[in-house]
Amino acid sequence: MKLLREPLFHFAIGGLALFAAYAWLNDDTAASDRPEIRISDGHLRWVSETWSSQWRRTPSNDELRGLVAELVKEELLAREARALGLDQDDTVIRRRLAQKLTFLIEDAARIAEPKEDDLRQFYNAHPNMFRQEARVSFDHVFFSGSKRPDAAADARRVLAASDGPDETAIINQGDQWLAAARLEAGKESDIAAQFGPAFARAVAALPTGEWMGPIESAYGQHLVRVSEVVPAAVRPFAEVKAEVLAQWRDEQRRNYERRYLAELLKKYEIVAEPSAEPLISGWAQTMVGVR
């Protein structure tokens, strides 16, 4: 009874009570401060639509419950992996994050439709984007470099012995060509793909109506008679308006992306070790046009 009346005893009891209260409050606060994983209506719609697109039907309640459980599990593991630093120095994750941000940039770059005057200005400023290649129609006679000791000499001899534009006398003396011996309105790029760039340039420069050559291709020698040349020209605006719009949008997107990256360069400092410095210098100018 005497102990109960001691002030020191009262002080000790009060201290223990305060300590217990603090411990209880501290546990409660810690529990409330735990990071939250919220499952919203948007998550439910996403997992349900993903399931439906794969299986062509809506998930049952049990299936939806399983999908949500997998979503929570995935989020828990992903957050813990980030907490452990497992996302660091991972090429796949880095590229995926960069790709997702690129998609966001492209979405943000969508702007109002341009006026026709804007498109015409773009069209006039970039004529080469809408230029139609020259087109050439020609006949050719092939002299195989693999079958003849001197294909060029044989071609010259046939040309010299021919009587003007008599194509029969020339064509019958050539070697078999697997494709057609006449090409109608061929673009120079297509001719280059089939015969080689030097052949395409040479044919485009020939006069019309005469057998000329020999001209070397990737396969041998050819005598060529050009029948028609349609010069390269910028296509009319009305004909390419849809292409102009697509190119205009693409340029707007690129410009927005360059401005966005320029702002990021102000936010982050690029530091390179001496061995990497030559590779980093000028990076900003090359990638985003920043000076």
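Keep in mind that what you see is a predicted model, and the values were worked out from it rather than measured.

## Re the environment of A200
- Tracing the chain through its elements places A200 in helix α9 (residues 197-204).
- Residues A200 and V136, spaced 64 residues apart in sequence, show a C-alpha to C-alpha distance of 9.4 Å.
- For A200, the residues in contact, after removing those within four places along its chain, are E188, I191 and A192.

## Digging into the packing of helix α5 (residues 116-125) against helix α10 (residues 237-267)
- The geometry of α5 relative to α10 is characterised by a closest axis approach of 9 Å and an angle of 90° between their N-to-C directions. Here α5 is positioned roughly perpendicular relative to α10, judged by the angle of their axes. Where α5 abuts α10, its residues E116, D118, L119, R120, F122 and Y123 lie against F237, V240, K241, V244, L245, Q247, W248 and E251.
- Within the contact of α5 with α10, the residues separate by chemical class into 8 nonpolar, 1 polar and 5 charged.

## A look at the nonpolar core
- Counting 13 residues, the largest nonpolar core has F138, I191, F199, V203, V224 and V226 as its most contacted members.
- Where this core is concerned, the elements lending two or more residues are β2 (135-144), α8 (188-195), α9 and β5 (220-230).
- Contact partners of V226, with chain neighbours within four places excluded, come to V136, S137, F138, V203, L206, P207, T208, G209 and E210.
- Counting 9 residues, the second-largest nonpolar core is a separate cluster that includes F237, V240, L245 and W248.

## Examining the packing of aromatic side chains
- Per the stated rule, a full pass over the model turns up 9 aromatic pairs.
- Centroid distance F142 to W177: 4.9 Å. Interplanar angle 65°. Geometry classified as edge-to-face. One end of the pair, F142, is in strand β2; the other, W177, is in the loop between α7 (167-171) and β3 (182-187), with 35 residues separating them in the sequence. Across the pair, exposure class does not vary: F142 and W177 are buried alike.
- When the ring of F195 is compared with that of F199, the centres are 4.6 Å apart and the planes differ by 20°; the resulting orientation is stacked.
- Connected via pairs of aromatic rings, a cluster forms that spans F138, F142, W177, F195, F199 and Y219.

## A word on the layout of surface pockets
- Approximately 290 Å³ is the volume found for the second largest pocket.
- In this structure, the second largest pocket is lined by E74, A78, A81, R82, L86, D87, I93, L97 and K100.
- Of all the secondary-structure elements, those providing two or more residues to the lining of the second largest pocket are α3 (61-83) and α4 (91-108).
- Examining the composition of the lining of the second largest pocket, we find that 4 residues originate from one element, α3, more than from any other.
- Counted by class, the lining of the second largest pocket contains 5 nonpolar, no polar and 4 charged residues.

## Observations regarding the sheet that holds β5
- Strand order in the open sheet formed by 4 strands is β3-β2-β5-β4, with antiparallel pairing between adjacent strands. If you trace the sheet from one side to the other, it starts and ends with β3 and β4 (211-216), each paired once. Recorded for the sheet is a direction-independent mean angle of 40° between the axes of neighbouring strands.
- Examined bridge by bridge, β4 and β5 share 4 bridges and lie antiparallel to one another. Across the sheet, the residue bridging to E216 is Q221, located in β5.

## A closer look at unusual backbone geometry
- Cis geometry marks the peptide bond from G213 to P214, where omega comes out at 5°.
- Residue R56 is not a glycine yet carries a positive backbone phi of 60°.
- With respect to the helices and strands, R56 occurs in the loop between α2 (41-55) and α3.

## Things to note about the side chain of S217
- Mapped onto the secondary structure, S217 falls in the loop between β4 and β5.
- Among the polar contacts listed, one links the side chain of S217 to the backbone nitrogen of Y219, at a separation of 3.0 Å.
- Separated by 2.7 Å, the side chains of S217 and H222 make a polar contact.
- Sequence-distant contacts of S217, defined by excluding residues within four places in its chain, comprise F195, F199 and H222.

## Observations concerning the pattern of salt bridges
- One pass over the structure, following the stated rule, counts 14 salt bridges.
- The structure contains a network of salt bridges with shared partners spanning D139, R182, E184 and R225.

## Examining the environment of L71
- Secondary-structure assignment places L71 in helix α3.
- L71 has contacts with I39, H43, W46 and V47, leaving out every residue within four places of it along the chain.

## Looking at the packing of α2 against α3
- Packing of α2 against α3 brings their axes to within 10 Å, and their N-to-C directions diverge by 115°. The orientation of α2 with respect to α3, classified from their angle, is roughly perpendicular. As for how α2 packs across α3, the hand of that crossing is right-handed. Residues H43, L44, W46, V47, S48 and W51 of α2 form the contact with α3, whose participating residues are E63, L64, L67, V68 and L71.
- Classifying every residue of the contact of α2 with α3 by side-chain character gives 8 nonpolar, 2 polar and 1 charged.

What counts as what
- Residues numbered from 1 in each chain as written.
- Predicted model: local features only at pLDDT ≥ 70, side-chain atom pairs only at ≥ 80, totals over all residues.
- Heavy atoms only, no water.
- Helix = DSSP H or I, 4+ residues; strand = E, 2+ residues; numbered from the N terminus.
- Contact = heavy atoms within 4.5 Å.
- Axes fitted to C-alpha atoms, helices over the stretch in contact; angles between N-to-C directions.
- Parallel < 35°, antiparallel > 145°, perpendicular 65-115°, else oblique.
- Nonpolar A, V, L, I, M, F, W, Y, C, P; charged D, E, K, R; others polar.
- Core = buried A, V, L, I, M, F, W, Y, C linked by side-chain atoms within 4.5 Å.
- Buried < 20%, exposed > 50% of the residue type's maximum accessible area, 1.4 Å probe, protein only.
- Phe/Tyr/Trp six-rings, centres within 6.5 Å; stacked < 30°, edge-to-face > 60°.
- 1 Å grid on protein atoms, 1.4 Å probe; cavity = no way out; pocket = protein on both sides within 12 Å on 5 of 7 lines; lining within 4 Å.
- Points joined across faces, edges and corners; volume = space filled by probe spheres on them.
- Pairing = 2+ DSSP bridges.
- Polar contact = N/O pair within 3.5 Å; in protein donor to acceptor, adjacent residues only side chain to side chain.
- Salt bridge = Lys/Arg side-chain N within 4 Å of Asp/Glu carboxyl O.
- Left-handed = near helix turned anticlockwise from the far one by under 90°.

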